[in-house]
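# Structural overview
Given next are the chains, with one letter for each unit.
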Amino acid sequence: MEIDIRQGDILEAQADLIIVNLFDGVTEPGGATGAVDKALDGQITQLIALGDCSGKLGETTLLYTLGKLPAPRVLVVGLGPKDVFDGKKARVVAARAISAAKKAGAKRVATIVHGAGVGGLDPIEAAQALVEASLLESYEMPAQRSGNGDESGVESLTVVEFHAEAIPLLETGAQMGRIVAESAIFSRDLAATPSNIATPGWVAARALEMAEETGLDIRIMEWGEMEELGMNILLAVAKGSDEPPKFIILEHNKERAEELPTIVLVGKGVTFDTGGYSLKRSDGMWKMKYDMSGAANVLGILRAAALLNLPLHVVGLTPMVENMINGHAQKPGDVYKGMTGKTMEVISTDAEGRMILADALAYAGRYDADAVIDQATLTGAISVALGQQAAGLFTEDEALKARLLAAAEATGERLWPMPMFDEYKDYIKSDFADVKNSTAPDRGAGVSTSAKFLQHFTEDYPWAHLDIASMGWTKKPRPMYPAGAAAFGVRLLVQMLRDWNG
Ligand code: BES
Ligand code: ZN
Ligand code: ZN
């Protein structure tokens, strides 16, 4: 979808559909909506009086202009009550509007910015919200189909602003919105690509291309180097597959590492999770192509950090493996010693995410990090606990927790704190190693014990773990999250990074 910003009058827009808005409780619309109402002989006022157009948040009403305006259709979108309007609501509004425009069959759409004037939103934030939400809502997953692709979406969105002096601010906001949305879309595409294509090597090649485009520093560690580092827990997972593992290291502002705060982001990159010899049931197994969502997020966030030129040293670490079964594959009962020198016993080969993260978190100890945050589709148990309402947040660092929760609140990518009681350590005691990777057959506290396992391999840095298993693949669409790969966590962490220096 093409997006451009233009100075002018929305009444004159040459488009298939124009979007205006309405606060809840307004009976006589003003501004652009008032002007459209006048041009349509009071149609909007009349619909309000009838109760057919109420200004309720995200409600859309389609009108036909019957030659009274150059555009044949007008869409009125509800902003909700004025006193609670904010950036999150502006995103809901933009998402609802663009999807209603698509449903109406419009290809060229013109819109005003929601909530900047009387809404009280900063014009930069309002434009970011509009562009970000419109792009994310319009996302379609990559598909390999023969024949012509289905070109059913909105092709162009023109943001029309009457006041010339606001244009540069809107341009700035729109640019930010585009970077954030396109970075999340980059992540969504990686997670949605089938695993016969999206192998560890393929993902590394995409990361190389992206680094080239954005100026990020990149290094890809191969098997030999990982072996030299003693990453035998990670390699225990990798050795069951014919696809060679890759450990991707991306860095933004590497040359300024000494002077800038260092944030290390780690992402679980299992390009497909069969479960290994602790084989998964076959129903729903296809979705395990998104078991690399954590890694995909990290690559997207690094992309955004570079393009937004954030004044931070940001490091992305993504161990990429495929969890398969061959003659070399790990087996339950195996014991491996990882990079920290600590050992672990395999109880389930399906608890592979925590294994590859164990060595990645150990590697993160090489940076003098102000924070290390990992993201992983780690457990089915987090879905049982939280459903598709929030990702699980595990941390014992109160300052980092506050930063993450503030970003969650600002973006609507909700996190919920989960316990990391010391006693959970007892659940993963092993008779044969320092820890075991699963409590099976005892299934209690599956999420907290997974976090406790990770904690065992962390070094001395502020650390948080986000379990995004329930949020990585959207089942029931909601504004900005069409069904499928969600890249949940990209907007959240980009926000946290933007706010880092206060
Ligand atoms: N990739 C899965 C977790 C998962 C499940 C993600 C469903 C998304 C949707 C992970 O590797 C796994 O299999 N975890 C096991 C851990 C258990 C064996 C301790 C689980 O959750 O069952
Ligand atoms: Zn698994
Ligand atoms: Zn997994």
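This text follows the structure it describes.
Below or above, wherever it landed, is the structure these notes cover. (Residues numbered from 1 in each chain as written. Chains lettered and ligands numbered in written order. Predicted model: local features only at pLDDT ≥ 70, side-chain atom pairs only at ≥ 80, totals over all residues. Heavy atoms only, no water.)

The subject of this paragraph is the coordination of the zinc ion (ligand 2). Octahedral six-donor coordination of a metal ideally yields angles of 90 or 180 degrees, compared with 109.5 degrees for tetrahedral four-donor coordination. Taken together, D273 (OD), D350 (O), D350 (OD) and E352 (OE) make up the full set of protein donors to the zinc ion (ligand 2), lying 2.0 to 2.2 Å away. Its 6 donor atoms give the zinc ion (ligand 2) angles of 72 to 167° at the centre, a pattern that matches the irregular case. Between consecutive donor residues of the zinc ion (ligand 2), the sequence gaps follow D-x76-D-x1-E. Separating the zinc ion (ligand 2) and the zinc ion (ligand 3) is a distance of 3.2 Å, and D273 donates to both of them. The class of E352 is buried, set by a relative accessible area of 0%. (Donors = N, O, S within 2.8 Å, 3.2 Å for Na, K, Ca; no water. Tetrahedral: all angles 85-135°; square planar, octahedral: opposite > 155°, others 65-115°. Buried < 20%, exposed > 50% of the residue type's maximum accessible area, 1.4 Å probe, protein only.)

Right, let's talk about the packing of aromatic side chains for a bit. Using the criterion set out here, one finds 8 aromatic pairs in the structure. Centre to centre, the rings of F23 and F85 are 5.6 Å apart; their planes meet at 90°, and the pair counts as edge-to-face. Of the two residues, F23 sits in strand β2 (residues 17-23) while F85 sits in the loop between β4 (73-80) and α3 (87-103), which places them 62 residues apart along the sequence. Under the relative-accessibility criterion, F23 is labelled buried at 8%. Given a relative accessible area of 9%, F85 falls into the buried group. Ring geometry for W286 against W473: centres 5.8 Å apart, planes inclined by 85°, an arrangement best described as edge-to-face. Of this pair, W286 sits in the loop between β10 (269-273) and α9 (293-307) while W473 sits in strand β19 (residues 473-474), and the two are 187 residues apart along the sequence. Among the aromatic side chains, those forming a connected cluster through ring pairs are F247, Y363 and Y367. Cation over ring: R403 sits above W500, and NZ or CZ is 3.6 Å from the ring centre. (Phe/Tyr/Trp six-rings, centres within 6.5 Å; stacked < 30°, edge-to-face > 60°. Helix = DSSP H or I, 4+ residues; strand = E, 2+ residues; numbered from the N terminus. Lys NZ or Arg CZ within 6 Å of the ring centre and 35° of its normal.)

Without other data, these values stay purely geometric and don't point to any function.
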